[in-house]
Amino acid sequence: MFDVTSIRKKILNDGYYHLKNIFDENEINILRKEIEKSIDVSPEYSTRINSDNIRDYHQYRSHDNIKRTLRYYMFFHNQDKWNETVKKIILKSLNLRNNIEEEWIDNFEYNDIKKKLQDYIIVTKYFTDSGLLKYHRDFPKKTEYPLLQFNILISQPNIDYSEGDFIFKDYHGKEIAIQKDLNASMGDAIIFDKHLLHKVESTLRGNTDIGRWSILVGTRAEYTSKIRLFVYKSSLFKFYKKFSNLNKWKMPSVLLTFNIHYYSIWLTMLQELEIKA
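So, how was this worked out
Residues numbered from 1 in each chain as written. Predicted model: local features only at pLDDT ≥ 70, side-chain atom pairs only at ≥ 80, totals over all residues. Heavy atoms only, no water. Helix = DSSP H or I, 4+ residues; strand = E, 2+ residues; numbered from the N terminus. Contact = heavy atoms within 4.5 Å. Areas by Shrake-Rupley, 256 points an atom, 1.4 Å probe, with all protein chains shown as cover. Salt bridge = Lys/Arg side-chain N within 4 Å of Asp/Glu carboxyl O. Buried < 20%, exposed > 50% of the residue type's maximum accessible area, 1.4 Å probe, protein only. Polar contact = N/O pair within 3.5 Å; in protein donor to acceptor, adjacent residues only side chain to side chain.

**Student:** Which residues make up the overall build of the chain, and what values go with them?
**Tutor:** Secondary structure assignment for the chain yields seven helices and 13 strands. A sequence separation of at least 24 residues applies to 77% of the contacts in the chain between residues at least 6 apart. Carbon and sulfur atoms make up 52% of the accessible area of the chain, which totals about 14800 Å².

**Student:** Got a sec to walk through the pattern of salt bridges? Specific residues and values, please.
**Tutor:** All chains considered together, the criterion is met by 13 salt bridges. Taking the shortest distance from any N to any O, the salt bridge between Asp 119 and Arg 97 comes out at 2.9 Å. With a gap of 22 residues between them, Asp 119 in strand β4 (residues 117–126) and Arg 97 in helix α3 (residues 84–101) connect regions that are remote in the sequence. Among the residues examined, Asp 119 registers a relative accessible area of 23% and is labelled partly exposed. By relative accessible area, Arg 97 is classed as buried at 0%. Note that Arg 220 and Asp 119 form a salt bridge whose closest N and O atoms lie 3.7 Å from each other. Linking Arg 220 in strand β13 (residues 212–222) with Asp 119 in strand β4, this pair joins segments that are 101 residues apart in sequence. Look at the salt bridges and you will find they share partners, linking Arg 97, Glu 101, Asp 119 and Arg 220 into a network.

**Student:** Would you mind going over the side chain of Glu 101 in detail, with residue names and values included?
**Tutor:** Mapped onto the elements, Glu 101 comes out in helix α3. In this structure the side chain of Glu 101 is engaged in a polar contact, spanning 2.4 Å, whose partner is the side chain of Tyr 110. With near-sequence residues (within four places) excluded, Glu 101 lies in contact with Tyr 110, Pro 146, Leu 147, Leu 148 and Arg 220.

Below is the structure:
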């Protein structure tokens, strides 16, 4: 059993809590292998989509033109299709997060934000020698009570990969590296405020071919509008994104400028349609 009161107190003071060995090695290995199989048969989208009727899907994500991460997005309306071990780990994590947040369930600000956001899961694979995340926040606003998410290591630091530390700044501005400072290992979880500034260092090769994997349970994002959902799922949009990415490398600059110009017109039209809807 968890001492929810102590966990909540630590989070409210520092912005995070480290749970040691919350899942065992066998559970984690099953989860990772099952998710790898699911990724192989899932649809691929070029833009993140949040919807109550979309299949679990994957997406290649990067802040630049280098392939850095593969993300697999999982949604609770699809949980009947999940492997039982996968479901058990995700629901155990989500239930603990919800128990912690129960203390501020009646807070107006918390409820106003929460009702606009979709709960979902992100599994991230970091590509060897290129995988990283720059400093960022998953939620822009500092709230009176935190919106929490549950980050679980599902591969072993210094064995399956090297470097690749998850680093965040707590409420006091102190930079904390979960591997170096907290001795976090596979099966551990970091519960943290979505507003905390955080990053993942460049991931290097380990002693196995597994690489760096993590799963973020109970992350939240606004729903994708129906108009954008239609566009993002269209073959034309997928073609455009692939064409754009290809031509960042191969297209003459004048044609690339032309390409971006018409894409911006398309997005402007899309925004105007959303306003009228």
